[in-house]
Amino acid sequence: MQRSRIAGIGYYVPKNVYSNNDLSRFMDTNDEWIQERTGIKERRFADRLEETTTTMGVEAAKIAIERAGITAQEVDFIIFATLSPDYYFPGCGVLLQREMKMKEIGALDIRNQCSGFVYALSVADQFIKTGMYKNILVVGSEKHSFAMDFETRSRNVSVIFGDGAGAVVLQPTQNENQGILSTHLHSDGADAEILAMYYPGASANKWLKDKPGYPDKELGGLFMTTEQLESGAALPYMDGPAVFKKAVVKFPEVIKEALSANNLTEKDIDMLVPHQANLRISQYVQQLLGLSDDKVFNNIQKYGNTTAASVPIALCEAWEEGKIKEGDLVCLAAFGSGFTWASALIRW
Ligand code: ACO
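These lines cover the structure that appears in this document, whether it is placed above or below. (Residues numbered from 1 in each chain as written. Predicted model: local features only at pLDDT ≥ 70, side-chain atom pairs only at ≥ 80, totals over all residues. Heavy atoms only, no water.)

An order of E1-E7-E6-E4-E5 is seen for the five strands of this open sheet, with the pairing classed as mixed. The open sheet has two free edges, formed respectively by strand E1 (3-12) and strand E5 (106-110), since each of these has just one partner strand. Each strand of the sheet is rotated relative to its neighbour by a mean of 20 degrees, with strand direction disregarded. Pairing geometry for strand E4 (residues 77-81) and E5, over five bridges, is parallel. When the bridges of E5 are listed, Phe-80 appears paired with Asp-109. On the sheet, helix H5 (residues 116-129) packs against E1, E4, E5, strand E6 (136-142) and strand E7 (164-173) and is oriented at approximately 170 degrees with respect to E6. (Pairing = 2+ DSSP bridges. Helix = DSSP H or I, 4+ residues; strand = E, 2+ residues; numbered from the N terminus. Axes fitted to C-alpha atoms, helices over the stretch in contact; angles between N-to-C directions. Contact = heavy atoms within 4.5 Å.)

What follows is the structure in structure tokens.
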């Protein structure tokens with residue numbers, strides 16, 4: 001069976017830089033606390049009106065498509081991973097299709113949060129391997145800044161996340177020494193609510209009924225007044241320590257699974273590109289796997305956690321900086337809300 005390979009890759013980050021000190025203008029936080037716990041120094045926030053998850057995805061896609069040596073009209077399938085879509089529905093895939101004037105091809109949105117891009121890559125890989133499509137555009141993009149609360153009550157969440165997008169074009173290759181070797185996907189919904197945003201959602205009534213101001217109605221519940229929204233019922237929730245504990249187990253597990261499926265070991269990895277959840281998580285995983293600093297790529301310091309965009313942004317930056325070369329064994333790994341976690345092993 002033919003393999004798929006990354007034929008083009010690109011990323012886009014908004015130009016507005018917000019340092020940790022900038023955030024302390026809005027909430028009670030400080031550079032020392034944020035850097036010590038997360039490694040983050042600054043992040044990018046999209047323009048409030050001009051930029052959306054889709055427009056950032058389009059910018060990243062244009063670069064990936066050009067580097068793949070094709071035109072937007074030659075793309076034959078779109079997979080778009082995001083947790084911060086432009087609309088509750090429809091998804092961003094069709095908006096990107098419209099914006100890039102693509103043909104009437106299929107567009108699939110993936111809702112797997114931090115592991116969304118690796119899941120999307122895995123789906124694309126299957127379509128390429130079976131010969132169904134020849135040029136699949138895979139995008140991960142997030143505009144977190146629009147839904148976060150920049151007040152002290154939400155500081156444990158809002159200092160972590162940033163905006164940005166990454167994209168790849170996947171194509172078939174006959175070269176046996178190149179391409180995606182395998183992908184590995186997992187989930188465990190037991191702790192689905194400890195890293196979640198309940199509103200708007202069909203279960204919101206159940207989770208939010210006791211929150212101040214939540215509408216106590218026989219039917220409905222989606223529409224809240226501004227006052228009710230401001231009470232905080234609609235904000236993302238994260239039990240940070242619980243996420244940390246699970247992540248440091250599942251990251252190494254899924255990386256080892258990928259290696260063992262290909263009869264490889266940690267020593268064979270040339271570059272590990274982990275989801276940029278938190279620098280402390282990446283460092284812990286690096287230590288556990290016994291990898292040297294030059295074999296793990298981190299850029300959370302500059303961009304914060306960009307969820308579904310973090311892996312393709314980091315992969316692209318590592319490649320642009322010459323840290324990934326032809327023939328290198330690259331491992332992608334991600335863990336996030338759900339929980340879901342995933343890995344991909346690629347011979348570059
Ligand atoms: N600035 C200053 N103080 C803060 C901030 C802040 N931004 N946020 C929280 N604090 C305070 C809290 O109020 C608390 O104060 P208290 O002791 O007086 O009550 C204290 O710091 C400790 O709060 P915790 O929430 O317990 O902070 P913790 O030390 O656990 O660190 C963090 C929080 C960084 C989120 C940590 O739990 C973590 O790294 N968890 C992993 C989760 C993660 O990485 N999520 C990323 C997204 S999910 C993903 O991508 C997989």
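On we go from here.
With that out of the way, let us pick up the layout of surface pockets. Approximately 290 Å³ is the volume attributed to the second largest pocket. Across the lining of the second largest pocket, the residue classes tally to seven nonpolar, two polar and three charged. (1 Å grid on protein atoms, 1.4 Å probe; cavity = no way out; pocket = protein on both sides within 12 Å on 5 of 7 lines; lining within 4 Å. Points joined across faces, edges and corners; volume = space filled by probe spheres on them. Nonpolar A, V, L, I, M, F, W, Y, C, P; charged D, E, K, R; others polar.)

Take the nonpolar core next. Within the largest apolar cluster, 41 residues are counted, with the highest numbers of intra-cluster contacts made by Leu-121, Ile-136, Leu-170, Leu-315 and Leu-332. With seven residues, the single largest contributor to this core is H5. Here this core spans two domains, and each of domain 1 (3-173) and domain 2 (179-190 + 238-347) adds at least three residues to it. Residues in contact with Leu-121, not counting those within four places in the same chain, are Val-138, Val-168, Leu-170, Ile-180, Leu-332, Ala-344 and Ile-346. Counting residues in hydrophobic clusters, the runner-up holds 39 residues, among them Ile-160, Ile-194, Val-285 and Leu-329. (Core = buried A, V, L, I, M, F, W, Y, C linked by side-chain atoms within 4.5 Å. Buried < 20%, exposed > 50% of the residue type's maximum accessible area, 1.4 Å probe, protein only. Domains from an automatic or database assignment.)

Turning to the site of the ligand, a few remarks are in order. Taken together, 24 residues lie near the ligand, and Thr-29, Arg-155, His-275, Asn-278 and Asn-305 sit nearest. Contact distances for the ligand include 2.5 Å between an oxygen atom and a side-chain N or O atom of Asn-278. Asn-305 places a side-chain nitrogen or oxygen 2.8 Å from an oxygen atom of the ligand. Relative to its unbound accessible area of 1000 Å², the ligand is 72% covered by the protein chains. Of all the secondary-structure elements, those providing two or more residues to the shell around the ligand are helix H2 (31-38), helix H6 (155-158), helix H9 (240-261) and strand E12 (329-336). No other element matches the four residues that H9 contributes to the shell around the ligand. Tallied by class, residues from the shell around the ligand come to 13 nonpolar, eight polar and three charged. Inspection of the shell around the ligand shows a minimum of three residues originating in each of domain 1 (3-173) and domain 2 (179-190 + 238-347). (Near = heavy atom within 4 Å. Polar contact = N/O pair within 3.5 Å; in protein donor to acceptor, adjacent residues only side chain to side chain. Areas by Shrake-Rupley, 256 points an atom, 1.4 Å probe, with all protein chains shown as cover.)

A few words now on helix H4 (residues 92-99). When we look at burial in H4, the residues that qualify are Cys-92, Gly-93, Leu-95, Leu-96 and Gln-97. On its buried face, H4 sits against helix H3 (53-67), E4, E5 and E6. Of the residues flanking the end of H4, it is Lys-101, one or two places downstream, whose phi is positive at about 50 degrees.

Attention now moves to the sheet that holds strand E8 (residues 179-187). Taken in spatial order, the four strands line up as E8-E13-E12-E11 in an open sheet, and their pairing is mixed. Strands with a single pairing partner mark the edges of an open sheet, and in this sheet they are E8 and strand E11 (271-274). Neighbouring strand axes in the sheet, compared pairwise and without regard to direction, differ in orientation by 10 degrees on average. Here eight bridges tie E12 to strand E13 (residues 340-347), and the two strands are oriented antiparallel to one another. Pairing of Leu-329 across the sheet is with Arg-347, part of E13.

Working note: non-glycine residues mostly have negative phi, and peptide bonds are mostly trans. Pro-200 follows Tyr-199 through a cis peptide bond whose omega is -5 degrees. Tracing the chain through its elements places Pro-200 in the loop between strand E9 (195-196) and helix H7 (204-208). Gly-338 connects to Phe-339 through a cis peptide bond whose omega is -10 degrees. Looking at the secondary structure, you find Phe-339 in the loop between E12 and E13. Its identity is not glycine, yet Gln-113 carries a phi of approximately 50 degrees, on the positive side. Judged by relative accessible area, Gln-113 falls into the buried class, the value being 14%. Despite not being glycine, Thr-307 shows a phi value in the positive range, around 50 degrees. One can find Thr-307 in the loop between helix H11 (300-303) and helix H12 (310-320).

No statement about biological role is implied by the geometric values presented.
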